[in-house]
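Chain residues, written in single-letter form:
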Amino acid sequence: MAYATYDYYTSGYLGKSIPEADFERLSERASEYIDHVTFGRAQDYDDTTELLKKACCAVAEAYQLNEQGGSVVAETVGKFTRNYAAGVSTMPTESQRLYTAINRYLGRTGRLYLGVE
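Below or above, wherever it landed, is the structure these notes cover. (Residues numbered from 1 in each chain as written. Predicted model: local features only at pLDDT ≥ 70, side-chain atom pairs only at ≥ 80, totals over all residues. Heavy atoms only, no water.)

## Observations concerning helix α4 (residues 94-106)
Part 1 of the reasoning: With 13 residues, α4 ought to run about 18 Å at 1.5 Å a step, and its terminal C-alpha atoms sit 19 Å apart, in line with that.
Part 2 of the reasoning: Arg97, Leu98, Ala101, Ile102, Tyr105 and Leu106 are the residues of α4 that are buried. The arc that holds every buried residue of α4, seen down its axis, measures 145°, which confines them to one face.
Part 3 of the reasoning: The inward-facing, buried residues of α4 contact α2 (20-37) and α3 (49-67). (Helix = DSSP H or I, 4+ residues; strand = E, 2+ residues; numbered from the N terminus. Expected span 1.5 Å × (residues − 1). Buried < 20%, exposed > 50% of the residue type's maximum accessible area, 1.4 Å probe, protein only. Arc of directions from axis to C-beta. Contact = heavy atoms within 4.5 Å.)

In structure tokens, the structure reads:
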């Protein structure tokens, strides 16, 4: 089960980059990633529900960007041309992009802590 809905993505997170048709798939992958990185502990805490929703949306956008091949480095409007930064060493890797997205919202909650509680 995804931590965020498309309604929350557009009205709570104020996201615009993921079309509704893709959101369910991307939010499911994002929620699975969150569960993986938090060792399943994220779903047990009610005090971070809002942060979990935001983390889900941010990671879903990171997955979308990864699927598109990376960050846009050039774009032309006439005849529509887009160039992505795949392979450029100064750009974050796919895994770095995902972790940065989750860390923005869950980094201070202790949910990413690898040690024993």
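## What to know about the pattern of salt bridges
Part 1 of the reasoning: Applying the stated criterion across every chain yields a total of three salt bridges.
Part 2 of the reasoning: For aspartate 22, the salt bridge is made with arginine 25, and the minimal N-O distance between the two is 3.8 Å. Pair noted here: aspartate 22 and arginine 25 are both in helix α2, with a separation of three residues, about one helical turn.
Part 3 of the reasoning: Judged by its relative accessible area of 28%, aspartate 22 is partly exposed.
Part 4 of the reasoning: Glutamate 67 is the partner of arginine 25 in a salt bridge, and the nearest nitrogen-oxygen pair spans 2.6 Å. Of this pair, arginine 25 sits in helix α2 while glutamate 67 sits in helix α3, and the two are 42 residues apart along the sequence.
Part 5 of the reasoning: Overlapping salt bridges, with partners in common, bring together Asp22, Arg25 and Glu67 in one network. (Salt bridge = Lys/Arg side-chain N within 4 Å of Asp/Glu carboxyl O.)

## A word on the packing of α2 against α4
Part 1 of the reasoning: Relative to each other, α2 and α4 sit at 75°, their axes nearing to 11 Å. Comparing the axis directions of α2 and α4 gives the class roughly perpendicular. Packed against α2, whose contacting residues are Tyr33, Ile34 and Val37, the element α4 presents Ser95, Leu98, Tyr99, Ile102 and Leu106 at the interface.
Part 2 of the reasoning: Partitioned by chemical class, the residues of the contact of α2 with α4 number seven nonpolar, one polar and no charged. (Axes fitted to C-alpha atoms, helices over the stretch in contact; angles between N-to-C directions. Parallel < 35°, antiparallel > 145°, perpendicular 65-115°, else oblique. Nonpolar A, V, L, I, M, F, W, Y, C, P; charged D, E, K, R; others polar.)

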